[in-house]
Amino acid sequence: MSKVTTEAYVEGVLAGNRVMLARTITLVESNAQRHFEQAQAVLSHLLPHTGQSLRVGVTGVPGAGKSTLIETLGLKLVQAGHKVAVLAVDPTSSITKGSILGDKTRMEMLTREENAFVRPSPTGGMLGGVARKTRESILVCEAAGYDVILVETVGTGQSEITVRSMVDFFLLLLVPGAGDELQGIKKGVVEIADAILINKADGENKVRAEAARTEYNRALHYLTPAIEGWRPRAYTASALEDAGIDKIWSAIESFQEKMTESGAWQARRKAQLQEWLHTVIAEQLKQSFYAQPTVQAALPDLETAVRQGKLPPTTAALQLLQIYKTNQ
Ligand code: GDP
């Protein structure tokens, strides 16, 4: 990978070359120091060509129909003349070791479209570092001319908040389940959604889906909207039968129009950039702290003292920070 020049990456991406786009995202995702520096150089060249897309996050539990929805919606958008990129933030933890999103063949038809780019979700080994790189992957896709970026994740709190912080519109996909229709409310994800889509509203499920929609609309009415001037609503759809998909896309477009007009769109993006800055600062500081030999040397004893209740954690932390600062 290191043999490719920064110029070649930049030119390849700007020319819309999908192979170079994929390789650039791989470069961006890499945790190796030499890749990191080149990735930053590539990104700074691409930056003037970014920001023009509509970024949509899609979340939902495994099996809710995210892949099916993205394929159906993606194909429609491509047909309408858009260039669609699909990225994924896979929250797979070190606990499960496997990928939640990526183990199946996803979006086969969309993948074959010339104006679509589907980035497979990362596999086991690279996890952890990838979620935060997705912001950069979005920029690379935009520089390659993609005007709709769909970012998929699954229903785990942290990955949802991460994706929320990088998209313009956040769509929560639900399926009408038996019993408690409002379970999403408890998890807090409803509060950060810009719309709820009750999927699988087909066949026998249709009536239940409509009931769920009514119930969610009632609940949404009492929540403070995530963005000023936009009241999130619940919709029903069948990703499989392509019903209700146009309606949700119209809602997203109307969101873009209204929010751009009011300035809330731009404000949200600015706030996201600022948040991104602070996330990177926090990450870099943490990395630098734990990498410092004096900290590494002092840590085990202090950890033991804390575990044995001999030292308050805060005192130990402040001591370590002092060691870090004096040895900077
Ligand atoms: P994901 O895990 O959220 O990406 O879910 P998938 O898109 O893989 O869908 C899980 C299962 O639900 C698959 O068997 C799909 O065919 C099915 N499915 C997805 N959308 C619908 C729908 O609108 N109606 C019905 N009946 N089944 C669906």
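Residues numbered from 1 in each chain as written. Predicted model: local features only at pLDDT ≥ 70, side-chain atom pairs only at ≥ 80, totals over all residues. Heavy atoms only, no water.

## Quick look at the overall build of the chain
Each helix and strand counted, the chain has 14 helices and seven strands in total. A total of 328 residues make up the chain; the buried ones form 47% of that total. Put simply, of all contacts in the chain between residues at least 6 apart along the chain, 75% involve residues at least 24 apart. With the model as given, the accessible surface of the chain reaches about 16,600 Å², and the carbon-plus-sulfur share is 55%. (Helix = DSSP H or I, 4+ residues; strand = E, 2+ residues; numbered from the N terminus. Buried < 20%, exposed > 50% of the residue type's maximum accessible area, 1.4 Å probe, protein only. Contact = heavy atoms within 4.5 Å. Areas by Shrake-Rupley, 256 points an atom, 1.4 Å probe, with all protein chains shown as cover.)

## As for the environment of T134
With respect to the secondary-structure elements, T134 resides in helix α6 (residues 130-143). It is 8.6 Å that separates the C-alpha atoms of T134 and V151, two residues lying 17 residues apart in sequence. Ignoring any residue separated from it by four or fewer positions in sequence, one finds T134 in contact with L87, A88, V89, V151 and M166.

## Focus on the site of the ligand
Neighbouring residues of the ligand: 15 residues in total, closest G63, K66, S67, T68 and D202. A distance of 2.8 Å separates an oxygen atom of the ligand from a polar side-chain atom of K66. The protein chains hide 73% of the 580 Å² of surface that the ligand would expose on its own. Considered class by class, the residues forming the shell around the ligand number five nonpolar, six polar and four charged. (Near = heavy atom within 4 Å. Polar contact = N/O pair within 3.5 Å; in protein donor to acceptor, adjacent residues only side chain to side chain. Nonpolar A, V, L, I, M, F, W, Y, C, P; charged D, E, K, R; others polar.)

## Examining the packing of aromatic side chains
Scanning the entire structure with this criterion turns up seven aromatic pairs. Residues F117 and Y146 carry aromatic rings whose centres are separated by 6.2 Å and whose planes lie at 55° to one another, so their mutual orientation is tilted. A residue pair is termed long-range when its members are at least 10 positions apart, and F117 in strand β3 (residues 116-118) and Y146 in the loop between α6 and β4 (148-153) qualify at 29 residues. Here the two residues F117 and Y146 agree in accessibility, since each one is buried. On the numbers, 5.1 Å between centres and 85° between planes, the contact of W230 with F255 is edge-to-face. Highlighted residues: W230 in the loop between α10 (206-222) and β7 (233-236) and F255 in helix α11 (residues 245-262), separated in sequence by 25 residues. Taken individually, W230 and F255 each receive the classification buried, so the pair is uniform in this respect. An aromatic cluster is defined as three or more aromatic residues linked by ring pairs; in this entry it consists of F169, W230, F255 and W265. Lying across the ring of Y146, K83 places its NZ or CZ 4.5 Å from the centre. (Phe/Tyr/Trp six-rings, centres within 6.5 Å; stacked < 30°, edge-to-face > 60°. Lys NZ or Arg CZ within 6 Å of the ring centre and 35° of its normal.)

## Some words on the sheet that holds strand β5 (residues 169-174)
With respect to topology, seven strands assemble into an open sheet ordered β3-β2-β4-β1-β5-β6-β7, the strand pairing being parallel. Single-partner strands in this sheet number two, and they are β3 and β7. Sheet twist, expressed as the mean angle between neighbouring strand axes with direction ignored, is 20°. The strands that helix α4 (residues 66-79) touches are β1 (54-59), β2 (84-89), β3, β4, β5 and β6 (195-198); relative to β4, the one it contacts most, it runs at about 175°. Sitting on the sheet, α10 is in contact with β5, β6 and β7, with an inclination near 170° to β7. (Pairing = 2+ DSSP bridges. Axes fitted to C-alpha atoms, helices over the stretch in contact; angles between N-to-C directions.)

## Focus: the confidence of the model for the chain
With 88% of its residues at a pLDDT of 70 or more, the chain has an overall mean of 88. Confidence drops under a pLDDT of 50 for residues 93-97, and excluding neighbours within four residues, the segment shows two contacts in the predicted structure. (pLDDT = per-residue confidence, 0-100.)

## Comments concerning a nonpolar patch on the surface
Together, L277, I281 and L285 make up a nonpolar patch on the protein surface, roughly 270 Å² of accessible area in all. With respect to the helices and strands, the residue I281 is situated in helix α12 (residues 264-291). (Patch = residues over 30% accessible without salt bridge, like charges linked within 9 Å, V, L, I, M, F, W, Y side chains within 5 Å. Salt bridge = Lys/Arg side-chain N within 4 Å of Asp/Glu carboxyl O.)

## A look at the pattern of salt bridges
Between side chains of opposite charge, pairing is possible as soon as their charged atoms come close. The tally for this structure, following the rule as stated, stands at eight salt bridges. One salt bridge connects D168 with R269, and the closest N-O pair in it is separated by 2.8 Å. Separated by 101 residues along the polypeptide, D168 in the loop between α7 (157-164) and β5 and R269 in helix α12 bring together distant segments of the chain. The exposure classification of D168 matches that of R269, with both residues buried. Across the pair E210 and R213 runs a salt bridge whose closest N-O atoms are separated by 2.9 Å. Of this pair, E210 and R213 both sit in helix α10, three residues apart, roughly one helical turn. Accessibility expressed as a relative area gives 24% for R213, which makes it partly exposed. Through salt bridges that share partners, K76, D242 and D246 make up one connected network.

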